[in-house]
Amino acid sequence: MMKNIKGKGVTLALLILFSACKKLDLAPVDRFTDLTYWTTSEKAKTVLNTAYSQMFNNNYFFLNEALSDNAYNSRGDNEGVASIAAGIHDPSLSRFNNEWDNHYSGIKTCNVFLENVDKVTSMDAGLRERMKGEIRFIRAFQYFQLYTWFGDVPLFDKDITLDEAKTIGRTPRAQVVEFVLKELDAAAAILPVNTAYANADKGRITKGAALALKARVLLYEGRWQDVVTACEQVMSGTNGTYSLFSSYEGLFLPQNEYNNEVILDLGYVPLLRTYSNFFDYAPISVGARLNNFAPTQELVDSYLMTNGKTINEAGSGYDENNPYVNRDPRLTATVVYHNYQWKKPDGTTQTIYIKPGSDPNQTTKLDEYAPGSVASATGYYLRKYYDPTSASNFQSGLNLILIRYADILLMYAEAKNELGQMTSDVWDRTVRALRARAGFTDAAALTYNATGGQAGLRSIIRNERRTELGMEGLRIFDIRRWRTAETVLNGWAHGAKYGPAAVDNGYIRANQRVFDPAKHYLWPIPREERNLNPNLTQNPGW
């Protein structure tokens, strides 16, 4: 998304349209402004920019990983992820209410825009249609997030009144899905391809983004042939120019923003619109204040050896006493482990000492694992999305990628395999291409091997998703749609082998997870919402 969408115009639009707005009854206090506000293209753009700003946020982007088996939120209950992971949440949890409010606030912005933009008679007709395409995409994106978490949700495509908000019921999920798909089709028909935008408009929603989000929607529904069709529309080159960026590590660096792998991103602006999550995620010795979010051993174990074998396979060469050698290079681009060579902004490196007793400076030993300390609770820190150009306290203006071309390739591979259509050609275009870009060179890791059949390939592709997209906020949605959350989210989330030798072979017991398949595949409808509107039914088990 555009880097310039979060300026003064956003604040202005919020004051005009959304002051005192909350939940489904998001009615502007000064309704007369609808009659006087819509006079220029710039004012319409301000409302559009507000809709962009409401799509997503950096906390959800990172912390959603701690809802999965990839990460652990060890201090506080940031965005409710600790409560949800531990299975102690209920409908009063603020995360549920905030998620509901945020999405419906964004939907209101979109509905207000669509109902009023035609009043700007001086606007160029082509610009108006493009802006409508952007808004319809954003509205679809908001509904997609809502039903993915909550299932049945109220669906409306107009600016509802206060009275309507108090009586509206939940729309069946399948109906909301079809609405989202139709909206994305309509947006794709209007929006420009990525190469058609001027430099000043880089980051705006494109035709390719609409098709890519459609593919993700279909993926979550298990509509495999439709997934293939949508992915092929992106892969064909006729709906935008997309490809894998040459460097996996470089993909997440600020100098490479807006490269051809990026299909949709969350825009930030250095010094103006920033986030500082790494202040609590990075190693303390490089400037962080403490650690409250860390990768798990389960994520680390998922990275293959360079010969393409899992760490538990015979002949893998894995050495439990030297576990980070000869591993998938994406591990080093994502996770900080003991003796990690941290690249500093000045081009030098700094060794990160995490194993207890290993730091040459035993006076401070800032990053060493110790139960109850401010260091990482798992013995790992986050590297992916570290911004070498960040300001004090890790204030970063680096964009966060919501959809990238690698995901298109992975969706395509998964769908093809589920259809029984995986071939060496499909493999080479997808998994092999991703591994080669990551830095694999061993033929055994790159060559198509169907020995395990469809089930074996399914495991390989699912693991490839985990390692390629690790710490990008998508794992929780994958394990929910695969119905494996009940397996991987029950029991202990572990850290590195710095714990008592007699417990779990020495791997740190970081956090005990609970996932009840009878209720946890859907979030509860927020209690506060149901108190306001008795027509909102509750999900099973809540």
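Everything below is about the structure printed above this text.
For the structure given in this document, a descriptive report is provided here.

Cut-offs used in this document
- Residues numbered from 1 in each chain as written.
- Predicted model: local features only at pLDDT ≥ 70, side-chain atom pairs only at ≥ 80, totals over all residues.
- Heavy atoms only, no water.
- Helix = DSSP H or I, 4+ residues; strand = E, 2+ residues; numbered from the N terminus.
- Buried < 20%, exposed > 50% of the residue type's maximum accessible area, 1.4 Å probe, protein only.
- Contact = heavy atoms within 4.5 Å.
- Areas by Shrake-Rupley, 256 points an atom, 1.4 Å probe, with all protein chains shown as cover.
- Lys, Arg positive; Asp, Glu negative; His and termini not counted.
- Charge placed at Lys NZ, Arg CZ, Asp CG, Glu CD.
- Expected span 1.5 Å × (residues − 1).
- Axes fitted to C-alpha atoms, helices over the stretch in contact; angles between N-to-C directions.
- Left-handed = near helix turned anticlockwise from the far one by under 90°.
- Phe/Tyr/Trp six-rings, centres within 6.5 Å; stacked < 30°, edge-to-face > 60°.
- Lys NZ or Arg CZ within 6 Å of the ring centre and 35° of its normal.

Here we look at the overall build of the protein
The helix and strand inventory of the protein stands at 21 helices and ten strands. Reported as C-alpha extents along the three principal axes, the dimensions of the protein are approximately 70 × 50 × 50 Å. Each of the 542 residues in the protein was classed as buried or not, and the buried ones make up 57%. Residue pairs at least 24 apart in sequence account for 70% of intrachain contacts in the protein once pairs closer than 6 positions are excluded. Total accessible area computed for the protein in this model is approximately 20,600 Å², and 50% of it derives from carbon and sulfur atoms. One way to put it: in the protein the 59 positive side-chain charges average out to a point 1 Å from where the 59 negative ones average out.

Some words on unusual backbone geometry
Phi angles above zero are rare outside glycine, and Tyr258 is one such case at about 65°. Looking at the secondary structure, you find Tyr258 in the loop between helix 11 (224-235) and strand 2 (262-266). Tyr258 sits in the partly exposed class, given a relative accessible area of 25%. A positive phi is found at Leu271, a non-glycine position, where the angle reads about 75°. Relative to the elements of secondary structure, Leu271 occurs in the loop between strand 2 and strand 3 (293-295).

Notes on helix 11
Helix length check: helix 11 (twelve residues) gives 16 Å between terminal C-alpha atoms against 16 Å at 1.5 Å per residue, within 8%. Burial in helix 11 covers these residues: Val227, Val228, Ala230, Cys231, Val234 and Met235. Residues of helix 11 that are buried make contact with helix 10 (207-221), strand 2, helix 14 (405-418) and helix 15 (424-429). Immediately downstream of helix 11, the backbone of Gly237 shows phi near 90°, a positive value.

Examining the packing of helix 11 against helix 14
At a closest axis distance of 9 Å, the pairing of helix 11 and helix 14 adopts a crossing angle of 145°. Read as a crossing pair, helix 11 and helix 14 show a hand that is left-handed. Between helix 11, through Trp224, Val227, Val228, Cys231, Glu232, Val234 and Met235, and helix 14, the contact on the second element is made entirely by Tyr405, Ile408, Leu409, Met411, Tyr412, Glu414, Ala415, Lys416 and Glu418.

Quick notes on the packing of aromatic side chains
Taken as a whole and judged by the stated rule, the model has 38 aromatic pairs. Note on Phe61 and Phe62: the rings are 5.2 Å apart at their centroids and 85° apart in plane angle, and the pair reads as edge-to-face. With relative accessibility at 2%, the residue Phe61 sits in the buried group. Here the aromatic rings of Phe279 and Phe394 are separated by 6.5 Å at their centres, their planes lie at 40°, and the arrangement is tilted. Of the two residues, Phe279 sits in the loop between strand 2 and strand 3 while Phe394 sits in the loop between strand 7 (381-382) and strand 8 (400-404), which places them 115 residues apart along the sequence. Side by side, Phe279 and Phe394 carry an identical accessibility label, which is buried. Looking at Arg435, its charged tip hangs above the ring of Phe440, at a distance of 6.0 Å from the centre. Cation over ring: Arg483 sits above Tyr521, and NZ or CZ is 4.0 Å from the ring centre.

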